[in-house]
Number of protein chains: 2
Amino acid sequence: MFSGAQLSLYPMTDDFVGVILSALGALDPYRPQFRIETDDLSTLVVGPPELLFPAMRDLFVAAASGGVHCVLSATVSRGCPGSPDDDICTPLSGIGADRPLEDRMRDARSTVAAAETTGQAVAAQFSLYPLGADGHMDEIWGCIDFLKSSGVFDREKNFCTKLRGDAGPVFATLSEAFLRFGAPEGHVALDMTVSANSPTPVA
Amino acid sequence: MFSGAQLSLYPMTDDFVGVILSALGALDPYRPQFRIETDDLSTLVVGPPELLFPAMRDLFVAAASGGVHCVLSATVSRGCPGSPDDDICTPLSGIGADRPLEDRMRDARSTVAAAETTGQAVAAQFSLYPLGADGHMDEIWGCIDFLKSSGVFDREKNFCTKLRGDAGPVFATLSEAFLRFGAPEGHVALDMTVSANSPTPVA
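Procedures and definitions
- As a convention, each chain's residues are numbered from 1 in the sequence order in which they are written.
- Lettering of chains starts at A and numbering of ligands starts at 1, both following the order in which they are written.
- Predicted model: local features are reported for residues with pLDDT of at least 70 only, side-chain atom pairs are reported and counted for 80 or more only, and whole-chain, interface and lining totals are derived from all residues.
- Neither water nor hydrogens contribute to the side-chain values; these are computed over all heavy atoms in the structure.
- Strands here mean DSSP runs of E at least two residues long; helices mean DSSP runs of H or I at least four residues long; both are numbered from the N terminus.
- As a reference, a globule follows 2.2 Å times the number of residues to the power 0.38, and the radius of gyration itself is taken over C-alpha atoms.
- Only protein chains enter the area calculation, which uses a 1.4 Å probe; residues under 20% of their type maximum are buried, those over 50% are exposed, and those in between are partly exposed.
- With residues, only the protein chains shown are counted as cover, and all accessible areas are computed by Shrake-Rupley using a 1.4 Å probe.
- Under the convention used here, Asp and Glu are negative, Lys and Arg are positive, and both His and the chain ends fall outside the count.
- In plain terms, the charge of a residue is placed at NZ if it is Lys, CZ if Arg, CG if Asp and CD if Glu.
- Any two residues having at least one pair of non-hydrogen atoms within 4.5 Å are treated as being in contact.
- Buried area is understood as the total, over both parts, of accessible area removed when two parts are fitted together, assessed with a 1.4 Å probe.
- Salt bridge, as used here: a side-chain nitrogen of Lys or Arg that lies within 4 Å of a carboxyl oxygen of Asp or Glu.
- Least squares is the method used to superpose the copies, on C-alpha atoms of residues holding a pLDDT of at least 70 in both.
- UniProt positions are given in the numbering used here, feature names are shortened, and annotations may be inferred rather than shown by experiment.
- Patch criteria: residues need more than 30% relative accessible area and no salt bridge. Like-charged residues are merged within 9 Å; nonpolar side chains of Val, Leu, Ile, Met, Phe, Trp and Tyr are merged within 5 Å.
- A pair of strands is labelled paired if DSSP reports no fewer than 2 bridges between them.
- For helices, the fitted axis covers only the stretch in contact; all axes are lines through C-alpha atoms, and the angles between them, taken along N-to-C directions, range from 0 to 180 degrees.
- Note: crossing handedness is left-handed where the near helix turns anticlockwise from the far helix by less than a right angle, and right-handed where it turns clockwise.
- Each residue gets one label: Ala, Val, Leu, Ile, Met, Phe, Trp, Tyr, Cys and Pro are nonpolar, Asp, Glu, Lys and Arg are charged, and the others, such as Gly, are polar.
- Any two rings among Phe, Tyr and Trp, with Trp reduced to its six-membered ring, count as a pair given centres within 6.5 Å; such a pair is stacked if its planes are under 30 degrees apart, edge-to-face if over 60, and tilted if neither.
- Multiplying 1.5 Å by the residue count of a helix minus one yields the expected span of that helix.
- What the arc measures is the spread of directions leading from the helix axis to the C-beta atoms.

## Some words on the overall build of chain A
And step 1. Within chain A one finds five helices and eight strands.
And step 2. Counted from the first residue to the last, chain A has its helices and strands arranged as β-α-β-β-α-β-α-β-α-β-β-α-β.
And step 3. Compactness check: chain A gives a C-alpha radius of gyration of 16 Å against a globular reference of 17 Å for 203 residues, within 12% of the reference.
And step 4. Along the first, second and third principal axes, the C-alpha atoms of chain A reach 45 × 40 × 30 Å.
And step 5. In chain A, buried positions account for 60% of the 203 residues.
And step 6. Carbon and sulfur atoms form 51% of the exposed surface of chain A, whose accessible area is close to 7,600 Å².
And step 7. For chain A, the distance from the average position of its 14 positive side-chain charges to the average position of its 26 negative side-chain charges is 7 Å.

Now the structure itself:
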């Protein structure tokens, strides 16, 4: 299976280059297990699916820690038929996406409940796309049920679900949605936006 | 059919609020045909599918015209089973997504060739998700063939396709990909990133 993310970091400041460069060190612990490539639009990280969201969490918390309004936007994918298998992407342990939907919802809740907090408040929204499968809406509804009991559920919006809370459980929730819903060896994509320090009042 | 977009504009400047507010006027001509709602993460526009990309083009060109590095990120959707039909979304004319793949590729190319230029250079990348359908990769490969002959194709990347050129044909290409590929009444989502004035050298 091939898994990875195209991610972009947007600090809303004249010094956006400085903020991005100083946050990149947060990826250092992950570099031995990732292939990383950057161009003018995004950074590709390819590696084990369980490490994608922890890496993005650490990068984003580092960028937001200075108080600047920052957004992380990413397209995350596993099992894309257009990409070759890659040993670097082998899951560290069984993802468990082949178990009954109810079991997966319970495991996802447990993982989020155990997530460490970071001290960084964030808002996030994301869409999950289980591709090439009948019954894709069953997986989406099951995932939404999990989200509603995740402790960081904010609201349903058109085309996406919104989360709010500490970056620790929020990124854990995004990771669980990505890992546990959709066919185990299927093609699953997730697009997400995470924001911190926005001056817009919370509705 | 329900169609719309969750869009966000990210100007990389201390004055990001000013840039966003001054660009919003570009949406005025579209307001009579759209429902528009904003929160701290994104702006929802709901309306006819053919007008979504022209509206985003005009908004983005207005924001980028001052020379600031700006990014527009959006999740665009049509036919989402979770959303009710809405008269405001009725296509202005037949989308033509029920015609053979070869015909749709040709029509898409013609539309892009006729797109007016704006004078604003952009880079973009996007992913197309035809959901709940067998053969979703056939539609994706057909769309990629169209993209390669669109005149604004830059390269294939993992999980997405990159475009480069004037905002006119680039947004027209994104619109054609969204309107003409995937089942006519099916659930199709597209996630996209458009960037202007990046200081990162073009590879």
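## A short note on the interface of chain B and chain A
And step 1. With 53 residues of chain B at the contact, the number on the chain A side is 53 residues.
And step 2. For the pair chain B and chain A, the two sides together bury roughly 4,300 Å², of which 63% comes from carbon and sulfur.
And step 3. Together, Asp 40, Leu 41 and Phe 159 of chain B form the three largest contributors to the area buried by chain B at its contact with chain A, with a combined 19%.
And step 4. Counting across the chain B and chain A interface gives eight salt bridges.

## Let's talk about the relation of the copies chain B and chain A
And step 1. By a simple turn and slide, chain B fits onto chain A: the slide is 0.0 Å along the axis, the RMSD is 0.0 Å, and the turn is 180 degrees. Overall, the copies show the geometry of a two-fold rotation axis.

## Topic: the UniProt feature "binding site: thiamine" (unreviewed entry) in chain A
Residues and elements named next belong to chain A.
And step 1. Mapped onto the present numbering, the UniProt feature "binding site: thiamine" (unreviewed entry) falls at Leu 9 and Thr 43. Across 35 residues in sequence, these annotated residues keep their C-alpha atoms within 9.0 Å of one another, forming a single compact spot.
And step 2. On the secondary structure map, Leu 9 appears in strand E1 (residues 3-11).
And step 3. Using a relative accessible area of 11% as the deciding quantity, one classes Leu 9 as buried.

## Some words on a negative patch on the surface
And step 1. Together, Asp 14 and Asp 15 of chain A together with Asp 14 and Asp 15 of chain B line one region of the surface with negative charge.
And step 2. Looking at the secondary structure, you find Asp 14 of chain A in the loop between E1 and helix H1 (16-23).

## Looking at the pairing of strand E2 (residues 35-38) of chain B
Each regular strand displays side chains that alternate between the two surfaces of the sheet.
Residue and element names in this part refer to chain B.
And step 1. Pairing analysis gives four bridges linking E2 to strand E3 (residues 43-46), with the strands arranged antiparallel. Residue pairing across strands places Arg 35 opposite Val 46, the latter belonging to E3.
And step 2. Taking the residues that link successive antiparallel strands as the turn, the E2-E3 hairpin has four residues.

## A short note on the packing of helix H3 (residues 101-113) of chain B against helix H4 (residues 136-148) of chain B
Helix-helix packing is characterised by the crossing angle of the two axes and by the distance between the axes.
Residue and element names in this part refer to chain B.
And step 1. Contact geometry for H3 and H4: axes closest at 9 Å, N-to-C directions at 35 degrees. H4 is crossed by H3, and the crossing has right-handed handedness. Here H3 contributes Leu 101, Arg 104, Met 105, Ala 108, Arg 109 and Val 112 to the contact with H4, which in turn contributes Asp 138, Glu 139, Gly 142, Asp 145 and Phe 146.
And step 2. Classifying every residue of the contact of H3 with H4 by side-chain character gives five nonpolar, one polar and five charged.

## Describing the pairing of E1 of chain A
All names here are of chain A.
And step 1. With nine of its nine residues buried, E1 lies for the most part within the structure.
And step 2. The alternating pattern of E1 places Ser 3, Ala 5, Leu 7, Leu 9 and Pro 11 and Gly 4, Gln 6, Ser 8 and Tyr 10 on opposite faces, both of which are buried.
And step 3. Pairing of E1 with strand E3 (residues 43-46) involves four bridges; the strand directions are antiparallel. Directly across from Leu 7, in E3, lies its bridge partner Thr 43.

## Observations regarding the packing of aromatic side chains
And step 1. By the definition in use, this model includes 12 aromatic pairs over all chains.
And step 2. Ring geometry for Tyr 10 of chain A against Tyr 10 of chain B: centres 4.9 Å apart, planes inclined by 20 degrees, an arrangement best described as stacked. Taken together, the residues span two chains, with Tyr 10 of chain A in strand E1 and Tyr 10 of chain B in strand E1 (residues 3-11).
And step 3. Classification of Tyr 10 of chain B as buried rests on a relative accessible area of 4%.
And step 4. Centre to centre, the rings of Phe 60 of chain B and Phe 171 of chain B are 6.4 Å apart; their planes meet at 45 degrees, and the pair counts as tilted. Taken together, the positions of Phe 60 of chain B in helix H2 (residues 49-64) and Phe 171 of chain B in helix H5 (residues 167-180) put the pair 111 residues apart, joining distant regions of the chain.

## Looking at helix H3 (residues 101-113) of chain A
Residues and elements named next belong to chain A.
And step 1. Between the first and last C-alpha of H3 there are 18 Å, a value that for 13 residues agrees with the 18 Å anticipated at 1.5 Å per step.
And step 2. Among the residues of H3, Arg 104, Met 105, Asp 107, Ala 108 and Val 112 are the ones counted as buried. Relative to the axis of H3, the buried residues are bounded by an arc of 165 degrees and lie together on one face. In this structure, H3 carries Glu 102 and Ala 113 as exposed residues pointing more than 90 degrees from its buried face.
And step 3. Summarising the contacts, the buried residues of H3 are in contact with helix H4 (136-148) and helix H5 (167-180).

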